[in-house]
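# Architecture at a glance
Take a look at the letters that make up each chain.
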Amino acid sequence: MTDSKYFTTNKKGEIFELKAELNNEKKEKRKEAVKKVIAAMTVGKDVSSLFPDVVNCMQTDNLELKKLVYLYLMNYAKSQPDMAIMAVNSFVKDCEDPNPLIRALAVRTMGCIRVDKITEYLCEPLRKCLKDEDPYVRKTAAVCVAKLHDINAQMVEDQGFLDSLRDLIADSNPMVVANAVAALSEISESHPNSNLLDLNPQNINKLLTALNECTEWGQIFILDCLSNYNPKDEREAQSICERVTPRLSHANSAVVLSAVKVLMKFLELLPKESDYYNTLLKKLSPPLVTLLSGEPEVQYVALRNINLIVQKRPEILKQEIKVFFVKYNDPIYVKLEKLDIMIRLASQANIAQVLAELKEYATEVDVDFVRKAVRAIGRCAIKVEQSAERCVSTLLDLIQTKVNYVVQEAIVVIRDIFRKYPNKYESIIATLCENLDSLDEPDARAAMIWIVGEYAERIDNADELLESFLEGFHDESTQVQLTLLTAIVKLFLKKPSETQELVQQVLSLATQDSDNPDLRDRGYIYWRLLSTDPVTAKEVVLSEKPLISEETDLIEPTLLDELICHIGSLASVYHKPPNAFVEGSHGIHRKHLPIQHSRSGATTSVIPSQGDLLGDLLNLDLGPPVNVPQVSSMQMGAVDLLGGGLDSLVGDKILLITTCSTLQSAELVLFFMYLIVVWLPAVKAKGLEICGTFSRRQGHMYMDMTFTNKALQHMSDFAIQFNKNSFGMIPTSPLPIHTPLMPSQTIEVSLPLNTIGPVMKMDPLNNLQVAVKNNIDVFYFSGLIPLNIFFVEDGKMERQVFLATWKDIPTRMNCSTRLRNTVSGKLQSNNIYTIAKRNVEGQDMLYQSLKLTNGIWILAELRIQPGNPNYTVRELPQRLSLSNRGISCFLTFPFALDQGSPTFLNLRATSWVLSHTTGTPFDTLF
Amino acid sequence: MIGGLFIYNHKGEVLISRVYRDDIGYVQWEGSIRSSSSYLSPPSPPRRNAVDAFRVNVIHARQQVRSPVTNIARTSFFHVKRSNIWLAAVTKQNVNAAMVFEFLYKMCDVMSAYFGKISEENIKNNFVLIYELLDEILDFGYPQNSETGALKTFITQQGIKGQTKEEQSQITSQVTGQIGWRREGIKYRRNELFLDVLESVNLLMSPQGQVLSAHVSGRVVMKSYLSGMPECKFGMNDKIVIDKAGKGGTTDEAVKSGKQSIAIDDCTFHQCVRLSKFDSERSISFIPPDGEYELMRYRTTKDIILPFRVIPLVREVGRTKLEVKVVIKSNFKPSLLAQKIEVRIPTPLNTSGVQVICMKGKAKYKASENAIVWKIKRMAGMKESQISAEIELLPTNDKKKWARPPISMNFEVPFAPSGLKVRYLKVFESKLNYSDHDVIKWVRYIGRSGIYETRC
């Protein structure tokens, strides 16, 4: 019997027929009917109207039929939650079935039904199944906890399922362990600092034991989890590595890559001189090469990862360049990746071979591949100096082929070679000039023009050549126009007598006839330079250019380190950090390579260890808070640079200091406000637009909103309600809009808030979900509350209390963040109080306290380096990533602690001053 | 983790669609009924139709597929293609990419083990079974036990009504157990095993006869028909093992055995092999699955016996004529016979006619494949054969030069080009009364050409 016939019924009244069949007396008929329903569902027909009839078929002892009904339920339960309740009884009953397969099936399916009412009933059966005698049921229940957490995280915590899950790590069955690890890892991704997994040496040992016994998939879960562990010293790192290395011989490439990830991370902790370090490096290379004999898709994933590994540790694969030679039958995506790695591995030792290969590739058919091969030759020339000559002659050979795109690509790379080795290969310019007519791509044209301009004095007919480009000046792309302008000015400076006319022509074309401001500006600059001081013009225009190096295409080191922590995953395939392509909270937590303790001297000087700190604190200079340094008016309205880095945290808002007019005097209230953002766009809310921000004034919190009616009818009967949130924030009064809102009318309201409402943890912590109702409909939106509105006025702590509690705080709770040019007065106006201050090595240390509305105290140490000119804007990205992480710790940490009793978080912060090229200090609170 | 799995036919029609995670877009069967849950439940995000996105952007894309991983609107699609069937896994998270592909391969294996070739017809015929399998081997997007041996014990499409309690617990312990790939209580009247050493030898040679790259990728495939839970130990002429053993004996022996031993660059094993033991002692011990499976894969690059040498000579005579001469030399013991020899000499696209003369076998110009295909049924070792061809070309204006693809070769030889030899495969089963001597063992070596190319 075949099932394909179910796909073919396509008559009218089909639903009606199915309904009749589903209610047929004969069991076989009913089964047939359910199969038809599933087939219809697969091809995209809406069969939701059959819900009650299908659910009726659930009470059966036929497992196949039961599975089909369950499949249907999983897809439609959400659309019919009330009906889905009908199925609950059957699920609960099945969870007690003597057959473990049925028990597991029931608990597995229940978790997939995302209906609140059903989840409530799920708790009891799930609790039982987590302790079931049969491992098959337990392993299914473990995954079910993750499912439930996805639906209702709070309930999972309240019901203590996380603890049960943690208990399963010690389970006797390896598959149960593996699934528990997978579930915990996923759950902990949404609580980055909660240490849910509780990775301690004992648990690590359990995981390593299970690693030897569980399925290939289980091994992947465990290895991925292990890679998040930070061994306490090199001994521990080494012993874990020893137990992970056998996985490199696994047939499953994902097991191999995950093992590579663990080893690459822990290598950071091993001393470079040790024998083990070098043995480990040697062991890494063969399995990576073996990955290339797999299926093409896995090869692709492997190559993307090898690309990272080669940049991080080139020594691993430096001998293996041959395996990256392209095969004729490789899929194009494998070819392109191999090419990339070949160039990274190219060195003086193998350059001859590499060049021979590249030349071969340049004659292939795929245009992208050929172009990349030509580019690669240029990169070799720049990377390996000894090969430059040979590369140039290879490129010349390629130009002789007259294949249009090869010629153009070759000219572009030859320009780069000239930039690296000036005055060395001009003899080939004549050949290049022969191909002038065939260049039709802007890149190639610009490259050629640049070459002519740069070597104008050696090209007899340079003026003619450039003039030929000038004819269609306005049709060229901006890039070509700009280059042409510069080239002609260069030519003029070198041969002023013959080219005066030409330069005037180009200057007028650029300044008078062009709409492009860049071009006009450049034109005017040249014009004035040439007319006022030709000598200076010569110095400026013909100055020596910095040489280019091959490092330009390498991945930025901090990003590379982060990607190394993601080996095997999508991030490593895209070469992007997870938050660039993952929505929601999963991507926010950034991973870092572990830091070797013996090398961390720099860090310890910034964050003194506990012992040092005790001494330091006793010597605190407990004077009054110092005067706030005057803030220059230059910074008024300076858009916060950090804002970009905070985007992931604060949504799409840009932090802006709104009270800039008051900045001159630090005594004025400097409450940091957030930019007003559109919370609810009109298109989503039938014409109602709400934008607003949060603020704290005179000890009260407000939600300042602007309602705009962009619809054609009036709006009335406004009401607002908040969902439960982390701080129990609720409106104190109803929404003060009493008159109907007329079309295109705008009204501003300020809604007072307090924090006595019900508390529920949100993700991210400061997320607030709001419902607004009017006579038309109910609309929902959510926004992030800036944390500083929760800082209460009585956040000033007694000095002695501060000292005592500071000492009590366990060091492991420290998290450090970096703030910039923070000023205690400004902090104070935001209810962050400076308790003590002292000066260490020319840096101001501020000790501060603040208190949140829910009674949590936060203590912080702030380090200020006044006017330190060493930090420049260029260092910004690196710092940003640090501050980002610090603040996310800051946001999530207090919540993990007990809410009722005052608990302390030790937030040590370091700040620095950023000096802009103009000397403007940039400034912000967070 | 994996958010959903779709199977499409070549037209892009959905054959199977299973969604595991809410975050990815639904197929139309989400239904149009809006959630009537409470006033304050957060609004659900707009659903993009993931199924359609993949069809439009990948299956129907005009360009050749540039990557097996595609990101469309923050949703990642992994796909593999089997004949004209597309399997796509979808996710919105930062999943382990290698795992997703391995899973898709495994999924194909499982499907083939259940119903043979993966074709539209077979998938439609077995869609209920496929859904049942997908429910079992992927839970919330996490791959679970996907060994066919274990799956076949309880996913049968027959219902499992008549099982006793013991049988049930046996099934669950097998699915979750340490030896998930083999069930207990297997009995054979005749204990027998077959070992196939299958190698593919890959070569890339320059026109001048210089080896640019050469490697052998080999597989040891075992068919075991053994009773009980046999403990097996496999030995081969691995250089590291032999050198270690040789230290004990006289130097003479070491030298002698050293000659026959081979250096293995890297090897990977079926999950039944105890990897920690291999890592520490380099011994390969395992309890095999029943029936056929791949015990190990390996790769060697040193001292490879290249069974054939191809010597090309291409001469362009004017613009409209090419002269090609190719000599092949067999390079192995004269007593052995190579089979299924095929030499493929590419011809330019503007070929108008070809005249071929060959000493042995048959040669033909195949216009549709743009190649001269020269086939020889058998050829003994240490022989030489030659083909010469004259290719007439149509004059063209096309400036683009002919890419001159390499000359490729196919063959099969009855030895292992890497030099690998099976030394022993010992079987121990303590509970049943058969010993290593009672097991009938067969070993066979087959060397095939992988990508065996000579540039011309």
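Rules used throughout
- Residues numbered from 1 in each chain as written.
- Chains lettered and ligands numbered in written order.
- Predicted model: local features only at pLDDT ≥ 70, side-chain atom pairs only at ≥ 80, totals over all residues.
- Heavy atoms only, no water.
- UniProt positions renumbered as here; feature names shortened; annotations may be inferred.
- Helix = DSSP H or I, 4+ residues; strand = E, 2+ residues; numbered from the N terminus.
- Buried < 20%, exposed > 50% of the residue type's maximum accessible area, 1.4 Å probe, protein only.
- Areas by Shrake-Rupley, 256 points an atom, 1.4 Å probe, with all protein chains shown as cover.
- Patch = residues over 30% accessible without salt bridge, like charges linked within 9 Å, V, L, I, M, F, W, Y side chains within 5 Å.
- Salt bridge = Lys/Arg side-chain N within 4 Å of Asp/Glu carboxyl O.
- Lys, Arg positive; Asp, Glu negative; His and termini not counted.
- Charge placed at Lys NZ, Arg CZ, Asp CG, Glu CD.
- Phe/Tyr/Trp six-rings, centres within 6.5 Å; stacked < 30°, edge-to-face > 60°.
- Lys NZ or Arg CZ within 6 Å of the ring centre and 35° of its normal.
- Core = buried A, V, L, I, M, F, W, Y, C linked by side-chain atoms within 4.5 Å.
- Contact = heavy atoms within 4.5 Å.
- Axes fitted to C-alpha atoms, helices over the stretch in contact; angles between N-to-C directions.
- Parallel < 35°, antiparallel > 145°, perpendicular 65-115°, else oblique.
- Left-handed = near helix turned anticlockwise from the far one by under 90°.
- Nonpolar A, V, L, I, M, F, W, Y, C, P; charged D, E, K, R; others polar.
- Pairing = 2+ DSSP bridges.
- pLDDT = per-residue confidence, 0-100.

As annotated in an unreviewed UniProt entry, chain B carries the name MHD domain-containing protein and is attributed to Gadus morhua. The Sequence similarities (unreviewed entry) field of the UniProt record for chain B holds the comment "Belongs to the adaptor complexes medium subunit family."

An unreviewed UniProt entry lists chain A under the name AP complex subunit beta, with Gadus morhua as the source organism. According to its UniProt record, chain A has this under Subcellular location (unreviewed entry): "Endomembrane system". Of the comments in the UniProt record for chain A, the one headed Sequence similarities (unreviewed entry) reads "Belongs to the adaptor complexes large subunit family."

Secondary structure summary: chain A contains 38 helices and 13 strands in total. Within chain A, the proportion of its 926 residues that are buried is 58%. When the accessible area of chain A is evaluated, it comes to approximately 37,400 Å², of which 51% is carbon and sulfur surface.

Residue and element names in this part refer to chain B. On the surface, a cluster of positive charge is made up of Lys-362, Lys-364, Lys-375, Lys-377 and Arg-378. A per-element tally of the positive patch places strand E19 (residues 371–380) first, with 3 residues. Locating Lys-362 in the fold gives a position in strand E18 (residues 362–366). A relative accessible area of 69% means that Lys-362 is categorised as exposed.

Turning our eyes to something else, we now look at the packing of aromatic side chains. Evaluated as defined, the whole model comprises 28 aromatic pairs over all chains. Aromatic side chains A:Phe707 and A:Phe718 sit 5.5 Å apart centroid to centroid with 75° between the ring planes, which places their arrangement in the edge-to-face category. One end of the pair, A:Phe707, is in strand E3 (residues 700–709); the other, A:Phe718, is in the loop between E3 and strand E4 (719–722), and 11 residues separate them in sequence. Of the two residues examined, A:Phe707 and A:Phe718, each falls in the buried class. Among the aromatic residues, those joined into a cluster by ring pairs are B:Phe6, B:Tyr8, B:Phe54, B:Phe77 and B:Trp86. Against the face of A:Phe369 rests A:Lys335, its NZ or CZ located 5.5 Å from the ring centre. Taking NZ or CZ as reference, B:Arg21 lies 3.5 Å from the ring centre of B:Phe140, over its face.

Now for the nonpolar core. Membership of the largest hydrophobic core comes to 281 residues, with the highest contact counts inside it found for A:Tyr72, A:Phe418 and B:Phe78. The biggest single contributor to this core is helix H2 (residues 97–115) of chain B, with 14 residues. Setting aside its immediate chain neighbours within four residues, B:Phe78 contacts A:Leu570, B:Pro68, B:Val69, B:Leu87, B:Ala88, B:Ala89, B:Thr91, B:Val95, B:Ala97, B:Val100, B:Phe101 and B:Leu104. Membership of the second largest hydrophobic core comes to 39 residues, among which are A:Ile737, A:Leu751, A:Val770 and A:Phe790.

A pair of packed helices can be characterised by two numbers: the angle between their axes and the separation between those axes. All names here are of chain A. In contact at an axis separation of 8 Å, helix H12 (residues 174–189) and helix H14 (residues 216–226) are set at 45° when each is read in the N-to-C sense. With respect to each other, H12 and H14 are oriented oblique. Crossing of H12 against H14: the hand is left-handed. From H12, Ala-178, Asn-179, Val-181, Ala-182 and Ser-185 reach across to H14, where they touch Gly-218, Phe-221, Ile-222 and Cys-225. For the contact of H12 with H14, the class distribution of residues is 6 nonpolar, 3 polar and no charged.

As a further point, take the sheet that holds strand E7 (residues 767–773) of chain A. Residues and elements named next belong to chain A. If you walk across this open sheet you meet the 3 strands as E4-E7-E8, and the pairing is antiparallel. Among the strands making up the open sheet, the edge pair consists of E4 and strand E8 (778–784). Adjacent strand axes in the sheet meet at a mean angle of 25°, parallel and antiparallel pairs treated alike.

Turning our attention to the confidence of the model for chain A. Residues and elements named next belong to chain A. Averaged over every residue, the pLDDT of chain A is 76; the share at 70 or more is 77%. When the elements of chain A are averaged for pLDDT, strand E13 (residues 904–912) gives the smallest value, 29, and helix H18 (residues 296–312) the largest, 95. The low-confidence segment residues 867–926 (pLDDT under 50) makes 167 contacts with residues lying over four places distant or belonging to another chain.

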